[in-house]
Amino acid sequence: QVQLVESGGGLVQPGHSLTLSCAVSGVNVDYYSLAWFRQAPGKGREAVSCISSVEGNSASAFVDSVKGRFTVSRDSIENTVFLQMRNVKPEDTAAYFCAASRVTFCASSGSIRASEYKSWGHGTQVTISA
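Note that the structure is a prediction, hence the values are computed from the model and not measured.

Take the state of the cysteines next. With the rule as written, the count across this model stands at 2 disulfides. Disulfide pairing places Cys50 opposite Cys106 at an S-S distance of 1.9 Å. Across the S-S bond linking Cys50 and Cys106, the dihedral sits near 75°, which makes this disulfide right-handed. Of the two residues, Cys50 sits in strand 5 (residues 45-54) while Cys106 sits in the loop between strand 9 (94-101) and strand 10 (119-120), which places them 56 residues apart along the sequence. Note on Cys50: relative accessible area 1%, which makes it buried. Look at Cys106 and you get buried, because its relative accessible area is 3%. Ordinal numbering of bonded cysteines along the chain defines a disulfide pattern of 1-3, 2-4.

Here it is, written out as structure tokens:
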């Protein structure tokens, strides 16, 4: 039974930073592809980032709008994946979800397919406002 629990969301001022956490239980994060999705009000769900293991190393990808600002990482000991958000912008406002897949590989943000991720968290709200 795979469970994912997001945390770290909240109200953040533009230009500031925050880190989202996704605690994973039931599987080892090193054997799964983990992804972050977000859904803004009135918009569909979009893939933000993903991370997976490649020959013992981490491969990651980001959507263009967050490249250079966001970082995704994993803590194998804590079995947790993180999304580090820097220089946040109002357009980053959204509900953020983490998801896990055992059948896909993180090659690019454009290749992330929600249908391949069978385990999802319930989301954490991030609101960027002054």
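Following the criterion strictly, the structure yields 2 aromatic pairs and no others. Centroid distance Phe37 to Tyr117: 5.8 Å. Interplanar angle 75°. Geometry classified as edge-to-face. Remark: Tyr117 occurs in the loop between strand 9 and strand 10 and Phe37 occurs in strand 4 (residues 33-39); sequence separation between them is 80 residues. In this structure, Phe37 and Tyr117 share a single accessibility class: buried. Between Phe37 and Trp120 the ring centres are 4.7 Å apart and the planes differ by 40°, which places this aromatic pair in the tilted class.

Reading the values: the criteria
Each residue is numbered by its place in its chain's sequence as written, counting from 1. At least 70 in pLDDT is required for a residue's local features to be given in this predicted model, at least 80 for side-chain atom pairs to be given and counted, and no such filter applies to totals for whole chains, interfaces and linings, which use all residues. Processing note: side-chain calculations cover all non-hydrogen atoms of the structure and skip hydrogens and water entirely. The criterion for a disulfide is a pair of cysteine sulfur atoms lying within 2.5 Å. Segments assigned H or I by DSSP are reported as helices when at least four residues long, segments assigned E as strands when at least two residues long, and all are numbered from the N terminus. Accessibility here uses a 1.4 Å probe with only protein chains present; expressed as a share of the type maximum, an area under 20% marks a residue as buried, one over 50% as exposed, and anything in between as partly exposed. Here a pair means two rings of Phe, Tyr or Trp (six-membered ring of Trp) with centres within 6.5 Å. Their orientation is stacked below 30 degrees between planes, edge-to-face above 60, and tilted elsewhere.

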